[in-house]
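Next come the chains, spelled out residue by residue.
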Amino acid sequence: MTDPVLYAAIDGVAVLTLNRPDKLNALSYGLIDRLMQRLDGIEEDDGLRAVILTGAGDRAFSAGADIREFAGSVERGPAVAGREFVRRGQAMTARLEAFRKPVIAAVNGLAYGGGCEIVEAVHLAVASDRATFAKPEIALGMPPTFGGTQRLPRLAGRKRALELLLTGDPIPADRAQELGLVNAVVPHDRLLAAALDLAARVTRHSPLAVGAVITAATRGLNMGIAEGLQVEAEQFGRVAPTADLVEGLAAWTQRRAPVWTGR
Ligand code: COA
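Below or above, wherever it landed, is the structure these notes cover. (Residues numbered from 1 in each chain as written. Predicted model: local features only at pLDDT ≥ 70, side-chain atom pairs only at ≥ 80, totals over all residues. Heavy atoms only, no water.)

Considering the sheet that holds strand β3 (residues 50-55)
Thought 1: Within the open sheet, the six strands sit side by side as β1-β2-β3-β5-β7-β10. Their pairing is mixed. Strands with a single pairing partner mark the edges of an open sheet, and in this sheet they are β1 (5-10) and β10 (184-186). Strand-to-strand twist across the sheet, computed as the mean angle between neighbouring axes with direction ignored, equals 20 degrees.
Thought 2: Where β3 meets strand β5 (residues 103-107), three bridges bridge the pair, whose relative direction is parallel. Counterpart to Leu53 in the pairing with β5 is Ala105.
Thought 3: Across the sheet, helix α9 (residues 191-203) touches β1, β2 (13-18), β3, β5, β7 (124-128) and β10, and the angle it forms with β7 is around 160 degrees. (Pairing = 2+ DSSP bridges. Helix = DSSP H or I, 4+ residues; strand = E, 2+ residues; numbered from the N terminus. Axes fitted to C-alpha atoms, helices over the stretch in contact; angles between N-to-C directions. Contact = heavy atoms within 4.5 Å.)

Rendered as structure tokens:
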């Protein structure tokens, strides 16, 4: 059977490829479960410092949840649909968002529905100039279910998000950049190189500091400022006793490049 999520390691970066190109990389339950499994493996491997997520084929990053499959869950009633479909997809986007190694989407084509929700959830995103984004769930008679009603308004602002959520109309990559959904738009044939370059600009730093920043910024965004500052202080508290912080401060004083051990 074809693996729905391919894995390759390039210079300490895990490249995961959503791999159902004949279905525009629609997110089947099997694909979501495989992605979660892949993330478990990457989390445990200290040799991997970042993740790039992209799509197979020349058309899609992902056209979203597998409609035929989740229609079957919906037919079996709301409890089954909640368990098999909604909670599975929400767990996937929450896992990507909370991952302590940077996750970068390399959006190679259309990112619709759940594909767009993955882009919303990950930490950084680079888009091909051919990429398009949409929230087409409304046309199916439903709201988005993998966090799309929550993260997009936080990223883009409520009215800009509601325009996408309520019309279902696609937008091009440069508009997605204006909305804060992607960090950069690059020529299609430069996409992976640009994502790897962005990854390298992060992974040159201590993995402990990178994890602390991701957690503080991600958790803090969903809190009031007082609680957020508490999370920030906690994250500093985790890093404060580490050899990496001693090394970072010493290297700065001695005007040399730091050597990180991740401890
Ligand atoms: N779930 C399941 N299969 C999907 C899919 C999805 N979300 N999106 C695309 N596919 C499949 C199609 O069924 C088709 O396979 P088939 O030939 O075996 O039927 C294949 O991928 C190619 O898609 P197709 O619709 O023929 O391409 P298109 O260029 O005509 O249209 C889209 C592209 C993206 C507009 C269209 O595929 C679409 O509307 N997809 C659903 C998007 C969506 O609503 N996502 C949110 C789900 S909650």
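So, the packing of helix α6 (residues 148-156) against helix α7 (residues 158-167)
Thought 1: Contact geometry for α6 and α7: axes closest at 7 Å, N-to-C directions at 135 degrees. The orientation of α6 with respect to α7, classified from their angle, is oblique. When the axes of α6 and α7 are compared, the crossing they make is right-handed. Contacts between α6 and α7 involve Gly148, Thr149, Leu152, Pro153 and Ala156 on the former and, on the latter, Arg158, Arg160, Ala161, Leu164 and Leu165.
Thought 2: Broken down by class, the residue content of the contact of α6 with α7 amounts to six nonpolar, two polar and two charged. (Parallel < 35°, antiparallel > 145°, perpendicular 65-115°, else oblique. Left-handed = near helix turned anticlockwise from the far one by under 90°. Nonpolar A, V, L, I, M, F, W, Y, C, P; charged D, E, K, R; others polar.)

Some thoughts on helix α3 (residues 78-98)
Thought 1: Largest kink in α3: about 30 degrees, centred on Val86.
Thought 2: Among the residues of α3, those classed as buried are Val80, Ala81, Gly82, Phe85, Gly89, Met92, Thr93, Arg95, Leu96 and Glu97. (Bend = angle between axes of the 7 residues up to and from the residue. Buried < 20%, exposed > 50% of the residue type's maximum accessible area, 1.4 Å probe, protein only.)

Focus on the nonpolar core
Thought 1: Counting residues in hydrophobic clusters, the biggest one holds 46 residues, and the most contacted among them are Val107, Ile118, Val119 and Phe133.
Thought 2: For this core, the leading source of residues is helix α1 (residues 29-44), giving six residues.
Thought 3: What Val119 contacts, discounting residues up to four positions off in sequence, is Phe61, Ala105, Val107, Ala111, Ala125, Phe133, Leu181 and Val182. (Core = buried A, V, L, I, M, F, W, Y, C linked by side-chain atoms within 4.5 Å.)

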